[in-house]
Amino acid sequence: MRRHSLLSGAVAALALITAVPALAQAQPAPAVSGAPAMPTTPAPHPPATPDAFTYQDMMGLNRLADPQVSLDGRRVVYSVTATDVEANRRATTLWVRDIEGEAAPRRLAINEGGANTARWGADGNLYFLSGRSGSSQVWRADASGANPVQVTRLPTDVNAYRLSPRADKVAVSLAVYPDCADLACSVERAKTQAERKSTGQVYERMFVRHWDTWEDHTQNHLFVLPIAAGGRAGEAVWVTKGFDGDTPSKPFGDESEFTFAPDGESVVFSARLKGQSEPWSTNFDLWRTNALTGDGTFENLTADNPAWDTGPVFSPDGRTLAYRAMARPGFEADKYAIFLKDVATGQTRQIAANWDRSADTLQWSADGQTLYTTAGDVGQTRLFAIDTRNGVVTPVTGPGHVSAFAQTPSGFVIAQDALDRPSDLWFKTYLGREMPRRLTNVNPSLDAKTFGEAEQFSFPGWNGETVHGYVIKPAGYVEGRQYPVAFLIHGGPQGSFGNSWSYRWNPSTYAGAGYAVVMIDFHGSTGYGQAFTDSISQHWGDRPLEDLQKGWVYAQQQYRFLDGDRACALGASYGGYMVNWIAGNWPGEFKCLVNHDGVFDTFGMGYSTEELWFTEWEYGGTPWENPRGYQQFNPANHVQNWRDPMLVVQGDRDFRIPTAQGLSTFTALQRRGIESRLVFFPEENHWVLRPANSLQWHNEVFGWLNRFIGPDAEQR
């Protein structure tokens, strides 16, 4: 489940939290005679030291994302999302900074009325999305970020857009009814559906729900509009009409999945045909269609690859199309290799075939001789340069997590974070001989905060192979003392708890509360080579558990400040699955457990989750073809061994791991008489996004830790 972020998913989450309305004040329910007292949410956990970084601090931090460098390389525009915990809302604004000099960043005036997704056009203007007209539309400002002009006036929201190379056209993605003859028909259909008195929904093919929404029979389709000299767009041409699929993909696709050809006369997009096979297919292809007429013809550029193809980017001279592709159908965590297609001949070749890392978004250098990309690499996420002539791969950045980057004539603007700092912008020259220069400090309040010191370690895990992990000392660490331990287990399972920042499972918040932290990148984790990632498939319960056990023993031997008698294991998604698996196959090792949206019954998952390609790959087929594969490592089969107290968290709009999984876990615990607590969020999906709910989540989790391994545990 790596692609849709069953780990922390921080970047995708930011796209979903631009604004959250305040919750209505609920009226207290009348008292019921003889009813049990309602469990109270634990009080906020005190920091380890007065200046320690805490989850309360984290909740109010500004979140930087999406740096975009102007064509002249002089300025960078970026977004900052601010959280108002008290009002239970978030809001995103656009900022700009000169890359050279010491001038402070400035907030753009176009934020009044809302602004996001800023992109520089070849005409020197700044384009952005805004809902100030009543719906999300494309707008344009001048180079200073002033004098906004509405570009598109479409009758429905623009959910993504891409400018043509000359900024004389814009491609927009709209949610439409694909069987309609035109956009007006689609708008009228939506109005009719909204006015229906009956509520029954009818489906004739699968994928009736996905991530956190039910299928509404619309698809994301592309429309191309010409842009006149004054900035106003002309009539929209429905260029993907007749194509049965979404572009960009749901739920997290963006404009990186479609692009204009260099001449602006065609569009290349990544999409998967729906049909009946969509829930178990990962066959995304690159398609080319006419951008001027919408003639309904679609050329499949990657028909020979039945697996995932995405991220098309044309070289500066327009002669080469670069893209990323997986090799194995049905496997979402396969390695993304890099391919180059000659536009004139169609000849395709792979570059850096021996580089055992999975590439993320690609960017060409100005001279067309280098591709830049980011990739996980032994607990870090680095920026890499790949020579397109010989495939030589060179790391550009060192430790830390590069979440985004943009090029300038002399170097890179990089959004980078780490375990002890959220994302900020840095400038790094191409030669990289000097330290990166900091461009932003969106959270100056952190300068006075104390963080726990992190250290990466390695040990022989399953099959004697090297496994890596991190240990973090508590904030205010005192030599010679022992500390209780938060043993964090990442999700995915093809993911990593590496040297990066998170706004949910943030190790620094546990260190700030006085806990030491241990995290193991068990077999199946990303950034250690594809064979290491592959090793977890059909081995959910044996190889990773062995790594966790050996890593836990090694950490206690190596770091004497870890109090192994006061430890709690916590995880979400696959991490929640592993918590359930530990409960039945490693009972008694931890004083308490925390399971967020974790799998309880792997067999039931094969029939109830939405993205069937995941379960069918991970468990070796369908439940009826290979029932043993679903039952071999099924936590539900070991409930008789459960005995450890567990906190269970479940979001009701989580269609990846549906509510019945969390309820079943809680039922098993309660029926066995095990101390347990269920925290249920009706409005949340696989993540907890609303500020008030996130605060409650942290209060509950840290309250549970405090109850069993914190200062209050000794009073029990």
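Residues numbered from 1 in each chain as written. Predicted model: local features only at pLDDT ≥ 70, side-chain atom pairs only at ≥ 80, totals over all residues. Heavy atoms only, no water.

Caption draft 1: Representation of the nonpolar core within the structure. F487, I489, V518, L562, M578, F590 and W642 are the most contacted members of the largest nonpolar core, which has 52 residues in total. By residue number, the principal contributor to this core is helix α7 (residues 574-585), which donates seven residues. Setting aside its immediate chain neighbours within four residues, V518 contacts Y470, V471, V485, A486, F487, L488, W552, A555 and L562. One finds I472, A511, V701 and F708 within the second-largest nonpolar core, a separate group that totals 31 residues. (Core = buried A, V, L, I, M, F, W, Y, C linked by side-chain atoms within 4.5 Å. Buried < 20%, exposed > 50% of the residue type's maximum accessible area, 1.4 Å probe, protein only. Helix = DSSP H or I, 4+ residues; strand = E, 2+ residues; numbered from the N terminus. Contact = heavy atoms within 4.5 Å.)

Caption draft 2: Representation of the packing of helix α6 (residues 543-558) against α7. Look at α6 against α7: their axes get within 11 Å of each other, and the N-to-C directions meet at 75°. The angle between α6 and α7 places the two elements in the roughly perpendicular class. The segment α6 lies against α7, with P544, L545 and L548 engaging Y574, M578, W581, I582 and N585. Here the residues of the contact of α6 with α7 are counted per class, giving seven nonpolar, one polar and no charged. (Axes fitted to C-alpha atoms, helices over the stretch in contact; angles between N-to-C directions. Parallel < 35°, antiparallel > 145°, perpendicular 65-115°, else oblique. Nonpolar A, V, L, I, M, F, W, Y, C, P; charged D, E, K, R; others polar.)

Caption draft 3: The arrangement of the sheet that holds strand β15 (residues 258-260) in detail. The strand order across the open sheet formed by four strands is β15-β16-β17-β18, and the pairing between neighbours is antiparallel. Each edge of the open sheet is held by one strand with a lone partner, namely β15 and β18 (299-300). Pairing of β15 with strand β16 (residues 266-271), which is carried by three bridges, proceeds in the antiparallel orientation. In the strand pairing of β16, F260 is matched with V267. (Pairing = 2+ DSSP bridges.)

Caption draft 4: Layout of the environment of H217. Within the secondary structure, H217 sits in the loop between β12 (213-214) and β13 (219-226). By relative accessible area, H217 is classed as partly exposed at 34%. The sequence separation of H217 and W586 amounts to 369 residues, and the corresponding C-alpha distance is 45 Å. Beyond its immediate chain neighbours, meaning those up to four positions away, H217 contacts V176, Y177, P178, Q201, V202 and Y203. A polar side-chain atom of H217 sits 3.3 Å from the main-chain carbonyl oxygen of V202. (Polar contact = N/O pair within 3.5 Å; in protein donor to acceptor, adjacent residues only side chain to side chain.)

Caption draft 5: Inspection of the pattern of salt bridges at higher detail. Taken as a whole and judged by the stated rule, the model has 32 salt bridges. The residue K250 makes a salt bridge to D246 at a minimum N-O spacing of 3.7 Å. Judged by its relative accessible area of 27%, K250 is partly exposed. The exposure class assigned to D246 is buried, which follows from its relative accessible area of 6%. Across the pair E684 and R690 runs a salt bridge, and its minimum N-O distance is 3.8 Å. Among the residues examined, R690 registers a relative accessible area of 21% and is labelled partly exposed. (Salt bridge = Lys/Arg side-chain N within 4 Å of Asp/Glu carboxyl O.)

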